[in-house]
Amino acid sequence: MNLESYKSAIRGFLGDKRYEHSVCVARAAAHLAQRYGADEKKAETAGILHDIMKDLPQEEQKKKMRQYGIRLTDVEKNAPKLWHAILASEYIRRELGVTDPEILQAVRYHTTGRENMTLLDKILFIADFISDDRDYPGVDKLRQAAKNSLEQAMIEGIVFTVKDLADAKRPIHPDTIAAYNQTVLQNLSIDTNQKGC
């Protein structure tokens, strides 16, 4: 399938706003892929498909997850905002025939991040934060970070997520904590090496 086919596939699931967001994320992901040396086509595909299940009512999401044999952790059960990513990865594999493990993984972890993220994982994670349709407080800072360094943008994005969840007293997925720790430690290691310590 090509990008236009994927656009048609998501159109039936998404309202106008979410559809426009998906198009914007696909564009942002392709741009980041070009900048940081990833496969633009894969990035664009992951971007257009990442939210395919987002507008599906929670009961429908639960039903589909049961149908696909998806088992949620306790944290995931209590974090419905994460369901669409977990479900989307499985849906696009089973129903749309997407077999590329990099795309499936990037879609699966675009909300939480994870330890040992691939370049494509990072690109989709950041593209979702900085797409043209986003206008939340702090988006300009994140866009600037993405121009400077993908790692810097990752840290900004994860910090934003953790603060948002902690302020709302919501559970934070262990994958998000793992992604944060690994990215920060890598950044500290780079800083230390540059200072000659």
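Quick caveat: nothing in here was measured; it's all calculated off a predicted structure.

Thresholds applied
- For every chain, the first residue of the written sequence is number 1, and numbering continues from 1 onward in sequence order.
- In view of the model being predicted, local features appear only for residues whose pLDDT reaches at least 70, and side-chain atom pairs are presented and counted only at 80 or more, with totals across whole chains, interfaces and linings using the full set of residues.
- Note: side-chain values were computed over all heavy atoms of the structure, leaving out hydrogens and water.
- Where helices and strands are cited, they refer to DSSP runs of H or I of at least four residues and of E of at least two residues respectively, numbered from the N terminus.
- The globule rule is 2.2 Å times the number of residues to the power 0.38, and the radius of gyration it is compared with is taken over C-alpha atoms.
- The buried label applies to any residue whose accessible area, calculated with a 1.4 Å probe on protein chains only, is under 20% of its type's maximum; exposed applies above 50%, and partly exposed to all values in between.
- Contact between two residues is taken to exist if any of their heavy atoms lie within 4.5 Å; hydrogens are not considered.
- Using the Shrake-Rupley algorithm and a 1.4 Å probe, accessible areas are obtained, with residue cover drawn only from the displayed protein chains.
- Only centres within 6.5 Å qualify two rings of Phe, Tyr or Trp (six-membered ring in Trp) as a pair; their planes then separate them into stacked at under 30 degrees, edge-to-face at over 60, and tilted for everything else.
- To qualify as a nonpolar core, a set must consist of buried Ala, Val, Leu, Ile, Met, Phe, Trp, Tyr and Cys residues joined through side-chain atoms within 4.5 Å.

**Brief notes about the overall build of the protein**
- Counting its secondary structure elements, the protein contains 11 helices and zero strands.
- In the protein, the succession of α and β elements from N to C terminus is α-α-α-α-α-α-α-α-α-α-α.
- A globule of 197 residues ought to have a C-alpha radius of gyration of about 16 Å, and the protein, at 16 Å, matches this closely.
- Based on the C-alpha atoms only, the size of the protein along its principal axes is roughly 55 × 35 × 30 Å.
- Taking all 197 residues of the protein together, the buried fraction comes to 46%.
- If you take every contact in the protein between residues at least 6 apart in sequence, the share linking residues at least 24 apart comes to 60%.
- For the protein, the computed accessible surface area is about 10,400 Å², with 48% contributed by carbon and sulfur atoms.

**Observations concerning the packing of aromatic side chains**
- Taken as a whole, this structure holds four aromatic pairs when the rule is applied.
- When the ring of Phe13 is compared with that of Tyr91, the centres are 5.3 Å apart and the planes differ by 80 degrees; the resulting orientation is edge-to-face. One end of the pair, Phe13, is in the loop between helix 1 (3-11) and helix 2 (16-36); the other, Tyr91, is in helix 6 (residues 83-94), with 78 residues separating them in the sequence.
- Classification of Phe13 as partly exposed rests on a relative accessible area of 25%.
- Using a relative accessible area of 10% as the deciding quantity, one classes Tyr91 as buried.

**Quick notes on the nonpolar core**
- Formed by 55 residues in total, the largest nonpolar core has its most connected members in Leu49, Ile52, Ile92, Leu96, Val98, Ile123 and Ile126.
- Elements with a minimum of two residues in this core: helix 1, helix 2, helix 3 (40-49), helix 6, helix 7 (101-108), helix 8 (119-130), helix 9 (139-148) and helix 10 (150-167).
- Once you skip the residues sitting within four places of it in the chain, Ile123 turns out to touch Ala29, Leu32, Ala33, Ala38, Ala43 and Leu150.

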